[in-house]
Amino acid sequence: MNNTKTTCEIDVVIGSNIRRVRELAGVSRRGLAKAVGVSWSQLKKCEDGQRRISAGSIVAVARALNCGLDEFWKDIDVVAPLLFSPVPSAEAITVAQNFDRIRSPAKREGIAKLVAALAEAGALKSAAE
C-alpha cells in the first residue's frame, strides 16, 4: 500500500469498492489485511480513500478476495464525472449475500420487484410528507 499523502476521488471509489467486495465476501478487515500483508489501519485508510493503494496491492486484494480486478473499477468512468455509490448498510449486505444464494431465477426476480416496490412506496411516502 502506497504511503502517498495526496488522494483523489478515484482513490475513494476504489477504496469503497474494496470494502464492498470484502464485505460481500464475508471477509473481515483484519483478515484481508493479514492476507495482503498490511496492517488493519493501512487497509482501513485505503478503504476510506484516505490513502492510495498501489497496483500491486490491488492485485493482492483481488487474489485474497478471489475476484477480478474489474470489481474495483466499478463506478469509474473516464469520460463522465465520477459518481459515488452510497456505502451499503450491514442489512443491505446481508440481503445481497442471501439473495445470491437463491437458485430460482423466478424467485430472485420476484424478490427484486418486491424490494423495488417497497423502496418506491417509501420514496413516495417521504415525498408526500
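Preceding this section is the structure that the text describes.
Residues numbered from 1 in each chain as written. Predicted model: local features only at pLDDT ≥ 70, side-chain atom pairs only at ≥ 80, totals over all residues. Heavy atoms only, no water.

Once that is clear, we can look at the packing of aromatic side chains. One pass over the full model with this rule turns up 0 aromatic pairs. One cation-aromatic arrangement involves R30 over W40; the distance from NZ or CZ to the ring centre is 5.0 Å. (Phe/Tyr/Trp six-rings, centres within 6.5 Å; stacked < 30°, edge-to-face > 60°. Lys NZ or Arg CZ within 6 Å of the ring centre and 35° of its normal.)

Moving on: helix α1 (residues 9–24). Helix length check: α1, at 16 residues, gives a terminal C-alpha distance of 23 Å against a target of 22 Å (1.5 Å per residue), a fit within 8%. Looking at α1, one finds that the buried residues are D11, V13, I14, G15, N17, I18, R19, V21 and R22. One or two residues past the end of α1 sits G26, with phi positive at roughly 75°. (Helix = DSSP H or I, 4+ residues; strand = E, 2+ residues; numbered from the N terminus. Expected span 1.5 Å × (residues − 1). Buried < 20%, exposed > 50% of the residue type's maximum accessible area, 1.4 Å probe, protein only.)

Tallying each qualifying case throughout the model produces 11 salt bridges. Between D11 and R52 there is a salt bridge whose closest N-O contact spans 2.9 Å. Separated by 41 residues along the polypeptide, D11 in helix α1 and R52 in the loop between α3 (40–47) and α4 (55–65) bring together distant segments of the chain. For R52, a relative accessible area of 29% gives the class partly exposed. Put simply, K113 and E109 hold a salt bridge, and the shortest N to O gap is 3.1 Å. Of this pair, K113 and E109 both sit in helix α6 (residues 105–128), 4 residues apart, which is roughly one turn of the helix. Its relative accessible area of 53% is what places K113 among the exposed residues. Overall, E109 belongs to the partly exposed group, its relative accessible area being 44%. Taken together, the salt bridges that share partners define one network made up of R19, R22, E23, R29, K44, E47 and D48. (Salt bridge = Lys/Arg side-chain N within 4 Å of Asp/Glu carboxyl O.)

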